[in-house]
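One-letter residues, chain by chain:
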Amino acid sequence: MRKQSADRSQDSVLNQTSSLECINVLGVRISAVNLKSATGFIQKAIEDGRKEYVCVRDAHGVVRCQDDPELRSIHNRAFLVTPDGMPLVWALKRAGHAESDRVYGPDLMLSVFDAGSSKGLRHFLYGATAETLEQLQARLLAKFPQARIVGSYAPPFRKLSPREETELADQLNRSGADIIWVGLSSPKQELWMARMRDRLEASMLIGVGAAFDFHAGLKRQAPRIIQRSGFEWAFRLLCEPRRLWRRYAVVVPTFISLTAFQRLGLRKFPIEDAVFGPSAPKEAAAKV
């Protein structure tokens, strides 16, 4: 099935960039990308001097957006919302985006570091703890010796004061970073990127969550075969049952039921105009 423009297809809508397409999953724009194309779009945006942010999204995040209009709006204003989860990849493929594939946060980080090494892209690491950042930086430089990491910052485990946020913005801007990698939990990192976007000179803010811990060697990633199966949530649940059992007890049945309603046309999930921050394009809603 060929991809169609927003006014002709019920499955696809155009994103803020004409060459970027996405689909509507429960009212959230999911970008039709794979690891290679997502890396390319990010590189091109930096070359063009754009100021954007990228959300790496799984089914859990889409479900959270259902009861949080601000969070949903943040996703729908993003430059990319990458499919970090096989259910979102399967939705993209059903909609005719055969080349779309999973864009997992840790993989995206390594791909952009690799592609940017020869171009001199400057990276800043924001999030986690000072110890994690030290190990993360050492491992990234061992893997990518030409990478330019121009700074890192471990924020306190509390809300920053307005003065602290101003000082932080100044520090980040002085670093000259092209990309700020944000390793906070979700939705903290999405809220932070949206709040800070207009105050930062870096071209790209990319929220990658637990990628910091994975690449620092502090947490174990699921084997690739499990990642591709759609049951990575079960692996994570086995690793951290006390922390995650409530999340998945709600997320898994909710996502399955709501997407079934959407596909059968029993419930509409329009992509609404942005109600927080800059206005999003007025585009037709899609049905997956």
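Everything that follows concerns the structure shown earlier in this document.
Residues numbered from 1 in each chain as written. Predicted model: local features only at pLDDT ≥ 70, side-chain atom pairs only at ≥ 80, totals over all residues. Heavy atoms only, no water.

Engineer: Teacher, can you tell me more about the pattern of salt bridges here?
Structural biologist: Opposite charge on two side chains permits them to pair, given that their charged atoms come into close proximity. Scanning the entire structure with this criterion turns up twelve salt bridges. Note that Lys119 is salt-bridged to Glu47, the shortest N-O span being 3.8 Å. In this pair, Lys119 sits in the loop between α5 (105–117) and β6 (122–127) while Glu47 sits in helix α1 (residues 35–47), placing the two residues 72 residues apart along the sequence. We classify Glu47 as exposed; its relative accessible area is 52%. For Arg158, the salt bridge identified is with Glu164, shortest N-O distance 2.8 Å. By relative accessible area, which is 49% here, Arg158 ends up partly exposed. Of the residues examined, Glu164 reaches a relative accessible area of 26% and is grouped as partly exposed. Within the structure, one salt-bridge network assembled from shared partners comprises Arg57, Asp58 and Glu190. (Salt bridge = Lys/Arg side-chain N within 4 Å of Asp/Glu carboxyl O. Helix = DSSP H or I, 4+ residues; strand = E, 2+ residues; numbered from the N terminus. Buried < 20%, exposed > 50% of the residue type's maximum accessible area, 1.4 Å probe, protein only.)

Engineer: Looking at this structure, I do not really get helix α6 (residues 130–143). What am I missing?
Structural biologist: Spacing of three or four residues puts side chains on the same side of an α-helix, whose turn is 3.6 residues. Taking 1.5 Å per residue, 14 residues should reach 20 Å; α6 reaches 20 Å between its end C-alpha atoms and fits that length. Those residues of α6 lying buried are Thr132, Leu133, Leu136 and Leu140. Down the axis of α6, the buried side of the element spans an arc of 95 degrees, and every buried residue falls inside it. Set apart from the buried face of α6 by more than 90 degrees, the exposed residues are Glu131, Glu134 and Ala142. The inward-facing, buried residues of α6 abut α5, β6, β7 (148–153) and α9 (211–215). (Expected span 1.5 Å × (residues − 1). Arc of directions from axis to C-beta. Contact = heavy atoms within 4.5 Å.)

Engineer: Where do I start with the nonpolar core in this structure?
Structural biologist: Soluble, globular proteins show a tendency: their nonpolar side chains are buried together. The biggest cluster of nonpolar side chains holds 40 residues, and the ones touching the most others in it are Val25, Ile30, Tyr126, Ile180 and Trp192. Looking at this core, the element that brings in the most residues is helix α2 (residues 59–66), giving four residues. Sequence-distant contacts of Tyr126, that is, excluding residues within four places in its chain, are made with Tyr153, Pro155, Leu160, Leu168, Ile180, Trp181, Val182, Gly183, Leu184, Trp192 and Phe212. Counting 31 residues, the second largest nonpolar core, distinct from the first, contains Val33, Ile42, Leu80 and Ala216. (Core = buried A, V, L, I, M, F, W, Y, C linked by side-chain atoms within 4.5 Å.)

Engineer: Looking at this structure, how should I read the packing of aromatic side chains?
Structural biologist: Geometry of an aromatic ring pair is reported as the spacing of the ring centres plus the angle between the planes. Counted by the stated rule, this structure contains four aromatic pairs. Ring plane angle 10 degrees and centroid distance 5.9 Å describe the contact between Tyr126 and Tyr153, whose orientation is recorded as stacked. Remark: Tyr153 occurs in strand β7 and Tyr126 occurs in strand β6; sequence separation between them is 27 residues. The rings of Phe113, Phe144 and Trp181 are connected pair by pair, giving a single aromatic cluster. (Phe/Tyr/Trp six-rings, centres within 6.5 Å; stacked < 30°, edge-to-face > 60°.)

Engineer: Hey, could you run me through the state of the cysteines in this one?
Structural biologist: Any covalent bond linking the sulfur atoms of two cysteines counts as a disulfide. Taken as a whole and judged by the stated rule, the model has zero disulfides. With no disulfide partner, Cys55 has as its closest neighbouring cysteine sulfur the one in Cys65, 8.3 Å distant. (Disulfide = S-S within 2.5 Å.)

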